[in-house]
Amino acid sequence: MQIKLLTSPSDECISLDWAKEYLRVDHDAEDRVISDLIPAAREIIQSQLGYYVGPQKVQVTVPLIKRKGRKITPRTVGHMRGRTCIRLPLSPIISVEKVKVISFEGKEEIVPDGKYHPNLNTYPALIILDYEDKDTAVINLTVGTEEPSKAIKNKILSTLADLYENRLGPLVHKIPLTSGICP
């Protein structure tokens, strides 16, 4: 399963002022650095938890059947009575925008509304396709929550602090090489 971010949230849930207060930064010299680290911290938490903060559009590409002559289905896909059930480990899913299937020959087909059935109230969310013999599904979704919990915000702030503290990267001491001298 591949997840591609199409649009980021329009507003971050952590403001620059709140981040500076949390980091105990009382000058403006680091504003640009902190502003760049806020979305990075949010993205790290999103990838760790599978929980999206702020409405975002994503594209999920799911292989339905692995090739090599035998049918081996990935853990995210199940088959039942001519249908394909896809488990999406993303949360929360607001809506399904578009579903496209790709045949083994590479022919793309947009799935009409009545041919897929989303169940977004479960975790993982499920999408049932009325197709069985397709190679890949490409699903465009809107995911995210308007207002994350305090625990999620604190996790983002904690990650932001780690990123800010280590913004210069690890220190690497270079040992000069001397030719012909062995200890």
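Data block above holds the structure.
Residues numbered from 1 in each chain as written. Predicted model: local features only at pLDDT ≥ 70, side-chain atom pairs only at ≥ 80, totals over all residues. Heavy atoms only, no water.

A.B. asks: Describe the nonpolar core, listing the residues and the values that go with them.
C.D. replies: Within the largest apolar cluster, 22 residues are counted, with the highest numbers of intra-cluster contacts made by I86, L88, L90, I127, L129, I139 and L141. Residue assignment for this core shows that the elements contributing at least two residues are strand 2 (56–63), strand 4 (83–88), strand 5 (93–102), strand 8 (125–129) and strand 9 (136–143). In terms of nonpolar packing, the next biggest core, distinct from the first, is built from 16 residues, V25, V53, I152 and L160 among them. (Core = buried A, V, L, I, M, F, W, Y, C linked by side-chain atoms within 4.5 Å. Buried < 20%, exposed > 50% of the residue type's maximum accessible area, 1.4 Å probe, protein only. Helix = DSSP H or I, 4+ residues; strand = E, 2+ residues; numbered from the N terminus.)

A.B. asks: Provide a residue-level description of helix 3 (residues 150–165), including the pertinent values.
C.D. replies: In a regular helix each residue adds 1.5 Å, so 16 residues correspond to 22 Å; helix 3 covers 22 Å between its end C-alpha atoms and thus fits that length. Among all positions in helix 3, only I152, K153, I156, L157, T159, L160 and Y164 are buried. One side of helix 3 holds all its buried residues, which, seen down the axis, span an arc of 165°. Within helix 3, the exposed residues directed more than 90 degrees away from the buried face are K150, A151 and E165. Those residues of helix 3 that are buried are in contact with helix 1 (16–23) and helix 2 (31–49). (Expected span 1.5 Å × (residues − 1). Arc of directions from axis to C-beta. Contact = heavy atoms within 4.5 Å.)

A.B. asks: Tell me about the pairing of strand 8, and name the residues and values.
C.D. replies: Taken across its five residues, strand 8 has four buried, putting it largely inside the fold. As judged from the five bridges shared by strand 4 and strand 8, these two strands associate in the antiparallel manner. Within the sheet, the bridge partner assigned to I86 lies in strand 8 and is I127. Pairing of strand 7 (residues 116–119) with strand 8, which is carried by four bridges, proceeds in the antiparallel orientation. (Pairing = 2+ DSSP bridges.)

A.B. asks: Describe the sheet that holds strand 6 (residues 108–110), listing the residues and the values that go with them.
C.D. replies: Across the sheet, which stays open at both edges, the five strands sit in the order 1-2-9-5-6 with antiparallel pairing between neighbours. Looking along the sheet, the strands with just one partner apiece sit at the ends: strand 1 (2–7) and strand 6. Here the average twist between neighbouring strands, direction ignored, is 25°. Pairing of strand 1 with strand 2 involves five bridges; the strand directions are antiparallel. Following the sheet pairing, Q2 is matched in strand 2 by T61. (Axes fitted to C-alpha atoms, helices over the stretch in contact; angles between N-to-C directions.)

A.B. asks: Can you break down the packing of helix 1 against helix 3 residue by residue, with the values?
C.D. replies: Contact geometry for helix 1 and helix 3: axes closest at 10 Å, N-to-C directions at 65°. The pairing of helix 1 with helix 3 is recorded here as roughly perpendicular in orientation. Like other packed secondary-structure pairs, helix 1 and helix 3 cross with a definite hand, here right-handed. Residues W18, A19, Y22 and L23 of helix 1 form the contact with helix 3, whose participating residues are K153, L157, S158, L160, A161 and Y164. The residue makeup of the contact of helix 1 with helix 3, split by class, is eight nonpolar, one polar and one charged. (Parallel < 35°, antiparallel > 145°, perpendicular 65-115°, else oblique. Left-handed = near helix turned anticlockwise from the far one by under 90°. Nonpolar A, V, L, I, M, F, W, Y, C, P; charged D, E, K, R; others polar.)

A.B. asks: Which residues make up the pattern of salt bridges, and what values go with them?
C.D. replies: What the rule picks out here adds up to nine salt bridges. For the salt bridge of E147 with K153, the shortest nitrogen-to-oxygen distance reads 2.3 Å. Given a relative accessible area of 52%, E147 falls into the exposed group. Note on K153: relative accessible area 13%, which makes it buried. (Salt bridge = Lys/Arg side-chain N within 4 Å of Asp/Glu carboxyl O.)

Spatial relationships are all this shows, so hold off on functional conclusions.
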